[in-house]
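Structural overview
Spelled out from the first residue to the last, the chains are:
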Amino acid sequence: MPNRLLFLLLLCFSGSLFADSPKPLEPEFTKDILERLDQGEAVFFERKKARGHAGVAILIDGEKADVWRVLSDPESAPSYVPSLKSARILLATGNTRLIAHEVKMPLMPKVNYQFEATELPMRTIQFKQTTGDLSNFEGEWELYEGETYGRPDSVIVFYQVYLNPGKLIPAPLVQRSLRKDLPPMLECVRTRVYEMKN
């Protein structure tokens, strides 16, 4: 599994999505994209000249409830996400939770942050950092019925993020890191869903 910062910041934050950030991505699941998803690929999305903003989609066999069980349980993430040392729910009010993460990666200092995650059950999780070592980190998980796209008994999971790590990662490396790290991150989620089902 990958062992980078972007992998570890799962199931995080909430608020007004991309309020001061790039316009959210709206994925188009074309025939080509769907064929790649059918082959098990985690498909990467980005705009031209994007910096710190990207998305990725993956097809998971099963029901929405199977996927939601994993995405809506942030405290279980350290059991399958490398370098995520702790994940604690500090406060829960309705569908919004305040969560704290502690991350320790090789050759890098410990990273701590808190965030809010707001859920629209079985549909979306919007997230946004509230305090911590990153300058900005926000995004969204979205679940799409596979049957809508001719893939019954499956779910398309789309994750997008806007990341500004401040001094933690030089700006030119951010988009390259997103391209490398986001697809395996979704593969980790898919693996966890299948493990939970079995």
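What you see is a predicted model, and the numbers here were worked out from it, not measured in a lab.

Attention now goes to the pattern of salt bridges. If you walk through the whole model with that rule in mind, you get 9 salt bridges. Within the structure, one salt-bridge network assembled from shared partners comprises Asp32, Arg36 and Glu41.

A few words now on the confidence of the model for the chain. Confidence in the prediction of the chain, expressed as mean pLDDT, is 83, and 82% of residues score 70 or more. The spread of mean pLDDT over the elements of the chain runs between helix 1 (residues 5–8), the lowest at 42, and helix 2 (residues 31–38), the highest at 97. Low confidence marks residues 3–19, where pLDDT is under 50. Its contacts with residues over four positions away, or in another chain, come to 91 contacts.

With a phi close to 70 degrees, Met122 is a non-glycine residue in the positive phi region. Turning to its location among the elements, Met122 is positioned in the loop between strand 5 (111–120) and strand 6 (124–132). Overall, the relative accessible area of 30% leaves Met122 in the partly exposed class. We note that Asp153 has phi near 60 degrees; this positive angle belongs to a residue other than glycine. Of note, Asp153 is situated in the loop between strand 7 (136–145) and strand 8 (154–164).

Right, let's get into the sheet that holds strand 6. Spatially, 1-2-8-7-6-5-4-3 is the arrangement adopted by the 8 strands of the open sheet, whose pairing is antiparallel. A strand with exactly one partner marks an edge of an open sheet, and here the two such strands are strand 1 (43–45) and strand 3 (84–93). The average undirected angle you get between the axes of adjacent strands in this sheet is 20 degrees. As paired elements, strand 7 and strand 8 share 10 bridges and run antiparallel to each other. In the strand pairing of strand 8, Leu143 is matched with Val157. Across the sheet, helix 3 (residues 64–71) lies against strand 2 (53–61), strand 5, strand 6, strand 7 and strand 8, angled at about 160 degrees from strand 7, the strand it touches most.

The rules behind each value
- Residues numbered from 1 in each chain as written.
- Predicted model: local features only at pLDDT ≥ 70, side-chain atom pairs only at ≥ 80, totals over all residues.
- Heavy atoms only, no water.
- Salt bridge = Lys/Arg side-chain N within 4 Å of Asp/Glu carboxyl O.
- pLDDT = per-residue confidence, 0-100.
- Helix = DSSP H or I, 4+ residues; strand = E, 2+ residues; numbered from the N terminus.
- Contact = heavy atoms within 4.5 Å.
- Buried < 20%, exposed > 50% of the residue type's maximum accessible area, 1.4 Å probe, protein only.
- Pairing = 2+ DSSP bridges.
- Axes fitted to C-alpha atoms, helices over the stretch in contact; angles between N-to-C directions.

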